Amino acid sequence: MTQGQNIDGVLLQWGDRLFYPGNRIVHTRPQPKLSALAARQRAAALRERIEATVVRRAPQVMVKVTGGGRGMKAIAAHFRYISKNGRLDIEDDRGDTSRGKAVLQGLADDWRYGGTFINDIGDRREAYNIMLSMPRGTDPLAVQRAAREFAMVELADHKYVMVLHDHQANPHVHISVRAESRHGKRLNPRKADLHRWRETFAEKLRDQGIEAEATRQATRGRDRNYDTLWRLKARQDGRLRATRPGSKASAAAQATRAQAVEAWMHVGRALATSGDPADRILAGAIAAFIKEMPISQAAAPQRVAPERASTPKPIDIGPQR
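Remember, it's a predicted structure, so these values are computed and weren't measured experimentally.

### Brief notes about the pairing of strand 4 (residues 127-133)
- Within strand 4, seven of the seven residues are buried, which leaves it mostly tucked inside the rest of the structure.
- Across the two faces of strand 4 the burial is the same, with Ala-127, Asn-129, Met-131 and Ser-133 and Tyr-128, Ile-130 and Leu-132 all buried.
- Bridge analysis of strand 1 (residues 62-67) against strand 4 gives five bridges, and the strand direction is antiparallel. By the bridge assignment, Met-62 is partnered in strand 4 with Ser-133.
- Here strand 4 runs beside strand 6 (residues 172-178); their pairing, made up of seven bridges, is antiparallel. Residue pairing across strands places Met-131 opposite His-174, the latter belonging to strand 6.

### Side note on the packing of aromatic side chains
- Under the counting rule described, the total for this entry stands at six aromatic pairs.
- With centroids separated by 6.1 Å and ring planes inclined at 85 degrees, the aromatic side chains of Phe-19 and Trp-264 adopt a geometry described as edge-to-face. Taken together, the positions of Phe-19 in helix 1 (residues 3-19) and Trp-264 in helix 8 (residues 251-272) put the pair 245 residues apart, joining distant regions of the chain. Exposure class is identical for Phe-19 and Trp-264. Each is buried.
- Residues Trp-264 and Phe-289 carry aromatic rings whose centres are separated by 5.3 Å and whose planes lie at 65 degrees to one another, so their mutual orientation is edge-to-face. Here Trp-264, found in helix 8, pairs with Phe-289, found in helix 9 (residues 277-292); they are 25 residues apart in sequence, far enough to count as distant. For the pair Trp-264 and Phe-289, a shared accessibility class is recorded, and that class is buried.
- Through a chain of ring-to-ring contacts, the aromatic side chains of Phe-19, Trp-264 and Phe-289 assemble into a single cluster.
- In this arrangement the basic side chain of Arg-17 is found over the ring face of Trp-14, its NZ or CZ atom lying 4.3 Å from the centre.
- Sitting above the plane of the Tyr-20 ring, Arg-42 keeps its charged end 4.9 Å from the centroid.

### Re the sheet that holds strand 5 (residues 160-165)
- One open sheet accounts for six strands, arranged 1-4-6-5-2-3; its pairing is antiparallel. The open sheet has two edge strands with one neighbour each: strand 1 and strand 3 (97-98).
- Relative to strand 6, strand 5 runs antiparallel, the two being bridged by six bridges. Residue Tyr-160 lies in a different strand from strand 6, and its bridge partner there is Val-177.

### Some points on the environment of Arg-220
- Assignment of secondary structure puts Arg-220 in the loop between helix 6 (191-207) and helix 7 (229-236).
- Between the C-alpha atom of Arg-220 and that of Glu-292, which follows or precedes it by 72 residues, the distance is 9.9 Å.
- Leave out the neighbours within four places in its chain, and Arg-220 touches Thr-53, Gln-60, Thr-215 and Phe-289.

### What to know about the pattern of salt bridges
- Going through the model one piece at a time under the given rule, you end up with 22 salt bridges.
- Where Arg-56 meets Glu-48, a salt bridge forms, and the shortest distance between an N and an O atom there is 2.6 Å.
- For Arg-56, a relative accessible area of 32% translates into the label partly exposed.
- On the basis of relative accessibility, which here comes to 40%, the residue Glu-48 falls in the partly exposed class.
- Taken together, the shared-partner salt bridges connect Glu-48, Glu-51, Arg-56 and Glu-211 into one network.

### Section: unusual backbone geometry
- Even without being a glycine, Arg-57 presents a positive backbone phi close to 50 degrees.
- Along the polypeptide, Arg-57 turns up in the loop between helix 2 (36-54) and strand 1.
- Positive phi outside glycine occurs at Asp-157, with the angle close to 75 degrees.
- Within the element layout of this structure, Asp-157 appears in the loop between helix 5 (140-154) and strand 5.

Criteria and cut-off values
Residues numbered from 1 in each chain as written. Predicted model: local features only at pLDDT ≥ 70, side-chain atom pairs only at ≥ 80, totals over all residues. Heavy atoms only, no water. Buried < 20%, exposed > 50% of the residue type's maximum accessible area, 1.4 Å probe, protein only. Helix = DSSP H or I, 4+ residues; strand = E, 2+ residues; numbered from the N terminus. Pairing = 2+ DSSP bridges. Phe/Tyr/Trp six-rings, centres within 6.5 Å; stacked < 30°, edge-to-face > 60°. Lys NZ or Arg CZ within 6 Å of the ring centre and 35° of its normal. Contact = heavy atoms within 4.5 Å. Salt bridge = Lys/Arg side-chain N within 4 Å of Asp/Glu carboxyl O.

Pasting the structure below:
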């Protein structure tokens, strides 16, 4: 195996842990080898994501489930909220755009009868409210187009509506999606789904020419605890009785951060031994990136130096074709 193949193997093994943690499924039987071409292409993609994270510091997308209605009364109220009571354009899953109070009533009737009947008040969640957001300065129309493409991929077969909000600091799109699909399957987003949604939204933004990433907090050396929507509203109303720590301090969170640092160090060591000057420059950027991490998360940055650590066993790469 050549040095280049060995470095690519380390990137595939440890880069996946940084950027695609959901793909790391342990099996007892041997996994199929990647062809040399496929391995080089994947390693190149990982180098791009590494550079975007540690060099360019690409803006991070935000995808949040902000709530959801348990009955038609709550769903219709959310329609009014995101459309500013019909004053903003509201787009449905067919791509039709309209505005006005009468339109909102028509949408509510369509959702109520378009599938299992939705009562005004119910016991189960009949819709999910999703917000897709980018930092200040991002082109709002690009965010809207990316959100439209995101919904076509991730919310296919569901009724949904979306509204662009570009009047606030950061452009964002509100999406309300009916939980039950046209085939009777119910949406039930979990943590892995939210991570995939972030990846999809970032990909669609890049397709629009907007630099965007969907990297986990631990990978970026962050440990912030974000308040949920009900906490934000409770604080605004003066009803919040208990506050949360500003950073994630649980044993599981600390372990995740430590694993991310370990992966960064393996990647940095491999790139530092490369014959390609661009790889060595990237290794230096990784060392600086680790140095910026909180002391509780990052080990001494000099450990990135190749001579101070053993080389991990790379994953198998198929023979050159």
